Structure formats: structure tokens, C-alpha cells
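Residue-level listing of the chains:
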Amino acid sequence: MPKNKHKRKASAHSKSNAVKSAKPSGLRALNPKIFVVLGLCLVALGLYILVFKSHGNAMSGFAMLSIFIGVVTAIIASFSGPKKKID
């Protein structure tokens, strides 16, 4: 038997069970900028209604709901956008 027997690494033979990150499908993942703009428009609409048109409880409630949905939509869309690499 040879004195220096070549041994292979066990990692070279093992198959990786890790799933590669799949690109998310869906409208929000394809066009996140549109949903950020949509969220900001909902926030602007809610602020406009709250400042100028809120004469009753229903209008102020609708304005607050619009602001909340707009903020959540913009935040989620900004997270699903492409990540920039820092060189």
C-alpha cells in the first residue's frame, strides 16, 4: 500500500438538499415600483380626505384606513424590490 493515499473530501460526494432561492412570482414581485407609487397615492389620498373633507366619522375612518393600507403596501413593495449590490 502506498504511504500517502489520496483521500477525497466527503463534501465532494454529498448532494446538497438546500433549495436554491426561487424568484418570487406575482404582480407585486414583478413591478414593485408601481406598488410603492400606489401606496404613496393612497397615503396622499387619505391625508387629503383627513385634512379637507373629513366632516363625519365615516370619512375620517376611510382616510385613516387609506393611510394605513398605503403605508403597508409601500413597505411590503419596497421589501420585494431588487437588492442593490455594494461594490
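This write-up is about the structure you can find in this document. (Residues numbered from 1 in each chain as written. Predicted model: local features only at pLDDT ≥ 70, side-chain atom pairs only at ≥ 80, totals over all residues. Heavy atoms only, no water.)

### Remarks on the side chain of S66
Positionally, S66 belongs in helix α3 (residues 57-79). Judged by relative accessible area, which is 7%, S66 ranks as buried. At a separation of 2.8 Å, a polar atom in the side chain of S66 contacts the main-chain carbonyl oxygen of L42. Residue contacts for S66: discarding those within four places in its chain leaves L42, V43, L45 and G46. (Helix = DSSP H or I, 4+ residues; strand = E, 2+ residues; numbered from the N terminus. Buried < 20%, exposed > 50% of the residue type's maximum accessible area, 1.4 Å probe, protein only. Polar contact = N/O pair within 3.5 Å; in protein donor to acceptor, adjacent residues only side chain to side chain. Contact = heavy atoms within 4.5 Å.)

### Quick notes on the packing of aromatic side chains
All told, the structure shown has one aromatic pair when counted by the stated rule. With a centroid separation of 5.3 Å and an interplanar angle of 50 degrees, the aromatic rings of Y48 and F52 are classed as tilted. Linking Y48 with F52, this pair stays in helix α2 (residues 32-53), spanning four residues, or about one helical turn. A relative accessible area of 42% means that Y48 is categorised as partly exposed. Classification of F52 as exposed rests on a relative accessible area of 55%. (Phe/Tyr/Trp six-rings, centres within 6.5 Å; stacked < 30°, edge-to-face > 60°.)

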